[in-house]
Amino acid sequence: KKPAPATAPSAPAAARDDTLYRALGAQAGIEKVVDAALVEIHNDPHINLFFANTDMPDLRRLLVEQFCAATGGPCEYTGRSMEEAHGGLNLTDDDFDRFVADLVRAFDEAAVPKDLQQQLLALFGPMRKQIVGQ
Ligand code: HEM
């Protein structure tokens, strides 16, 4: 009998690395983080003005998808590109920094360990150039 090939023809394409997704507590953990972020955004008088006309349940769904997909979870982000979503807002680097500070407060609130926070910020930080000045 022939040994099984190292890579069976029916094997799925490389499984995604969902380490960060699982470390955050999978879907429930990500929903908790996103909810904490939405509270911080709501409570920040400089940031919440930008969201005056935003459908927040829709934004919540898209953020959960985005966090899930970015951390290797089994989700597809179905929202707009970051350039499109932030187009016309004319966001500055200062706005972005304040938003990130809100996120960090939310991560603390949701008891996300600092090493995981750094991994999250490494995923989202590089989006600055797609978001600022659009
Ligand atoms: C890494 C940082 C950020 C990420 C990952 C992010 C992510 C997102 C996502 C996923 C959406 C929904 C996209 C869609 O509607 O299809 C969105 C929309 C939005 N974001 Fe951000 N965002 C970031 C930074 C910011 C900042 C700094 C501000 C303002 C201070 C901001 C303000 C908004 C607003 C107002 C909307 C809703 C636009 C609308 O209602 O049409 N975002 N963002």
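From a predicted model like this one, the values you see are computed outputs, not experimental measurements.

Cut-offs used in this document
Starting afresh in each chain, residues are numbered from 1 along the sequence in its written order. Local features in a predicted model are, by the rule used here, given only for residues with pLDDT of at least 70; side-chain atom pairs are given and counted only at 80 or more, and totals for whole chains, interfaces and linings are based on all residues. Hydrogens and water are ignored here; the side-chain numbers use all heavy atoms of the structure. Any N, O or S atom lying within 2.8 Å of the metal counts as a donor, with the limit raised to 3.2 Å for Na, K and Ca; because water is left out of the atom set, some sites can appear incomplete. A helix here means a DSSP run of H or I that spans at least four residues, while a strand means a run of E at least two residues long, and both kinds are numbered starting from the N terminus. Working definition: residue near molecule or strand if any one of its non-hydrogen atoms lies within 4 Å of it. By the criterion applied in these results, polar contacts are pairs of N or O atoms within 3.5 Å in which, for protein atoms, one can donate a hydrogen and the other can accept it, and in which residues neighboring in sequence qualify only through two side-chain atoms. Residue polarity follows a fixed list, in which Ala, Val, Leu, Ile, Met, Phe, Trp, Tyr, Cys and Pro are nonpolar, Asp, Glu, Lys and Arg are charged, and the others, Gly among them, are polar. In these notes, a set of buried Ala, Val, Leu, Ile, Met, Phe, Trp, Tyr and Cys residues joined through side-chain atoms within 4.5 Å is what counts as a nonpolar core. In this scheme, a residue with accessible area under 20% of its type's maximum is buried, one over 50% is exposed, and one in between is partly exposed, where area comes from a 1.4 Å probe on protein chains only. Note on contacts: a residue pair is in contact if any heavy atoms of the two residues lie within 4.5 Å.

Asks: Explain the coordination of the iron atom of the ligand to me, using residue names and the numbers behind them.
Replies: Inspection of the coordination sphere of the iron atom of the ligand shows a single protein donor, His86 (NE2), at 2.0 Å. Relative to the elements of secondary structure, His86 occurs in the loop between α4 (82–85) and α5 (93–109).

Asks: I'd like to hear about the site of the ligand, residue by residue, with values.
Replies: With respect to spatial proximity, 22 residues lie near the ligand, and among them Phe50, Phe51, Thr54, Arg80 and His86 are the closest. Taking Thr54, its side chain carries an N or O atom lying 2.7 Å from an oxygen atom of the ligand. A distance of 2.9 Å separates a nitrogen atom of the ligand from a polar side-chain atom of His86. Taken together, the elements giving at least two residues each to the shell around the ligand come down to α3 (56–70), α4 and α5. By residue number, the principal contributor to the shell around the ligand is α3, which donates four residues. Counted by class, the shell around the ligand contains 16 nonpolar, four polar and two charged residues.

Asks: Any details on the nonpolar core? Residues and values, ideally.
Replies: Residues Leu24, Ile30, Val34, Phe67, Phe107, Val112 and Leu120 are the most contacted members of the largest nonpolar core, which totals 31 residues. Of all the secondary-structure elements, those providing two or more residues to this core are α1 (19–23), α2 (26–43), α3, α5 and α6 (114–124). Of the residues forming this core, the biggest block, seven residues, is contributed by α2. Setting aside residues no more than four positions away along its own chain, Leu120 makes contact with Leu20, Leu24, Phe67, Thr71 and Phe107.

Asks: Give me the lowdown on unusual backbone geometry, citing residues and values where you can.
Replies: Backbone geometry at Ala26 places phi at a positive 50°, although glycine is not the residue there. Its place among the elements puts Ala26 in helix α2. On the basis of relative accessibility, which here comes to 25%, the residue Ala26 falls in the partly exposed class.

Asks: Which residues make up the side chain of Gln66, and what values do they have?
Replies: When you line up the elements, Gln66 lands in helix α3. Non-local contacts of Gln66, meaning those with residues more than four positions away in its chain, are made with Tyr77, Met82, Phe124 and Met127.

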